[in-house]
Amino acid sequence: MSQRDPHQSGESSPLSLSRRRLLTGGLAAGLTGGLLTGLAASGFAFSTLAAQAAAPLAGISQPGALRRRLGKFEITALLDGYLELGPDLIIGYDPAIGEPLRAASFATGPAMRGPVNAFLVNTGDKLVLIDAGTSDKMGPTLGHLPKALAAAGVTPEQIDAVLITHMHPDHIYGVLTPGGLPMFPNAELLLPEADHAFWYDDAALNAAPEMMKGFFLGARHAADAYARRQTRFKAGEEVLPGFTALAMPGHTPGHSGLRIDSDGQSLLILADVVHVPALQFARPEWSVAFDVDPALAAETRNKVLDMASADGVMVAGMHLGFPGFGHVARDGEAYRYVAASWPYAG
Ligand SMILES: [Zn+2]
């Protein structure tokens, strides 16, 4: 984002923003003249506007770290960065249906920009990081999780456990530094058993499409760095106190959601059940090209969204608009995503 948010920049007068927009051609010149004449007539000091407009632009957005409470836990959404997914990566994409959905979400350009989120849970006793971002492996729009973690006031050394929902590059590569060392030297790495079995299966590696082969080697490289402090979990297990693994297969064989419970409150981590919210809540049958089993991924998506909408539980997703907290609503045969409002207080 290149334009500053006036609410965060300390510019208290809405008039200064109006003037800047007007003078940069945002509105018709006639209106500009009208407004400025009106301001002058009301005795408004023009010099005040000019001084405030000189504030420098902030450039790239600040590190993303937003915290909310869940029972006795604190959950901080951490933004690793963003990626772009074009309709060519949506399996079964029908422009007659998809283009109006894209237009309805105010998408511009051919690709849809979406975040890579991770979530840090402070249980009061342990710091648990759910997914780890990309390190330096996916280009300059990603790899910012360490900055987000620092903004949250946490060092990598403090992390007790890194819980991986599935072993794809945008979730597990961040357990390594760019130099290939463990980013979280004191953490135990928790991996879904079924995903570990798949990514270490040489037959699956050999059978994979060429573009996927690197995923196998990268996943192994990342997991191997934690070989001495590694636990593999099965769906249905309480992985850590308050964290229950849920089978959500299809995207990868061991792709796992999580239900986090604390003091009577629950959060459902959807992981990668949805990659493109603007399309897949309305068309849950549309999977993505990097789903290992697209049909099973679609079946899982329908089941999980149905459950989430019936329960009304708060959800969090790794590719839902940052900070990625919201609810799933039923919408006829499909679904609608409702982003959670800012919690304001603990
Ligand atoms: Zn992902």
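Residues numbered from 1 in each chain as written. Predicted model: local features only at pLDDT ≥ 70, side-chain atom pairs only at ≥ 80, totals over all residues. Heavy atoms only, no water.

Draft legend 1. Summary view of the side chain of S262. Along the chain, S262 falls in strand β11 (residues 256-262). Take S262: its relative accessible area is 6%, and that puts it in the buried class. The residues touching S262, leaving out its near neighbours within four places in the chain, are L70, G71, K72 and F73. (Helix = DSSP H or I, 4+ residues; strand = E, 2+ residues; numbered from the N terminus. Buried < 20%, exposed > 50% of the residue type's maximum accessible area, 1.4 Å probe, protein only. Contact = heavy atoms within 4.5 Å.)

Draft legend 2. Structural detail: the sheet that holds strand β7 (residues 188-192). Spatially, β1-β2-β4-β5-β6-β7-β8 is the arrangement adopted by the seven strands of the open sheet, whose pairing is mixed. Each end of this open sheet is capped by a strand with a single partner; those strands are β1 (65-70) and β8 (230-233). Here the average twist between neighbouring strands, direction ignored, is 25 degrees. (Pairing = 2+ DSSP bridges. Axes fitted to C-alpha atoms, helices over the stretch in contact; angles between N-to-C directions.)

Draft legend 3. Here's a closer look at the layout of surface pockets. Taken as a whole, the second largest pocket encloses approximately 230 Å³ of empty space. L83, M138, D170, F215 and F290 are, among the 15 residues lining the second largest pocket, the residues nearest its centre. At the level of elements, β2 (73-85), α6 (169-172) and α9 (210-224) are the ones that each hand at least two residues to the lining of the second largest pocket. Counting residues per element, the lining of the second largest pocket draws most heavily on β2, which supplies three residues. Residues belonging to the lining of the second largest pocket are distributed by class as follows: eight nonpolar, four polar and three charged. (1 Å grid on protein atoms, 1.4 Å probe; cavity = no way out; pocket = protein on both sides within 12 Å on 5 of 7 lines; lining within 4 Å. Points joined across faces, edges and corners; volume = space filled by probe spheres on them. Nonpolar A, V, L, I, M, F, W, Y, C, P; charged D, E, K, R; others polar.)

Draft legend 4. Focus on α9. In a regular helix each residue adds 1.5 Å, so 15 residues correspond to 21 Å; α9 covers 22 Å between its end C-alpha atoms and thus fits that length. Within the span of α9, buried status applies to M212, F215, F216, G218, A219, R220, A222 and A223. On its buried side, α9 packs onto α6, β7, α7 (193-199), α8 (202-207) and β8. (Expected span 1.5 Å × (residues − 1).)

Draft legend 5. The arrangement of the coordination of the zinc ion in detail. All of the protein donors around the zinc ion are D170 (OD), H171 (NE2), D272 (OD) and H319 (NE2); their distances to the metal are 2.1 to 2.2 Å. One way to put it: the four donor atoms around the zinc ion meet at angles of 88 to 175 degrees, and that makes the site irregular. In the primary sequence, the donor residues of the zinc ion line up as D-H-x100-D-x46-H. Note that D272 is positioned in the loop between β12 (265-271) and α10 (277-280) and H319 in the loop between β14 (314-317) and β15 (325-331), a separation of 47 residues in sequence. The buried category is assigned to H319, whose relative accessible area is 3%. (Donors = N, O, S within 2.8 Å, 3.2 Å for Na, K, Ca; no water. Tetrahedral: all angles 85-135°; square planar, octahedral: opposite > 155°, others 65-115°.)

Draft legend 6. Representation of the pattern of salt bridges. Throughout the structure, instances matching the rule amount to ten salt bridges. For the salt bridge of E84 with R113, the shortest nitrogen-to-oxygen distance reads 3.0 Å. Of the two residues, E84 is situated in strand β2 and R113 in strand β4 (residues 112-122); the sequence distance between them amounts to 29 residues. Its salt-bridge partner being K137, residue D136 comes within 2.6 Å of it at the nearest N-O pair. When its relative accessible area of 46% is taken as the criterion, K137 is described as partly exposed. (Salt bridge = Lys/Arg side-chain N within 4 Å of Asp/Glu carboxyl O.)

Draft legend 7. Examining the pairing of β12 more closely. Across the seven residues of β12, five count as buried, placing the element largely inside the fold. Relative to β12, β11 runs antiparallel, the two being bridged by five bridges. Bridged to D261 within β12 is S266. Two successive antiparallel strands, β11 and β12, enclose a turn made up of two residues, where D263 displays a positive phi of approximately 55 degrees. Here four bridges tie β12 to β14, and the two strands are oriented parallel to one another. Bridging from a neighbouring strand, A271 pairs with G317 of β14.

Draft legend 8. Local environment of the environment of D311. Relative to the helices and strands, D311 resides in helix α11 (residues 294-311). Linking D311 and A329, residues 18 residues apart in sequence, is a C-alpha distance of 9.9 Å.

Draft legend 9. Structural view of α11. Compared with an ideal rise of 1.5 Å per residue, which puts 18 residues at 26 Å, α11 spans 25 Å between its outermost C-alpha atoms and is within 8% of the ideal. All of the buried residues along α11 are A297, A298, T300, R301, V304, L305, A308 and S309. For α11, the buried positions fall inside an angular range of 160 degrees around the axis, keeping them on one side. In α11, the exposed positions angled more than 90 degrees off the buried face are occupied by A295, K303, A310 and D311. Within two residues after α11, G312 carries a phi angle of roughly 70 degrees, on the positive side. (Arc of directions from axis to C-beta.)

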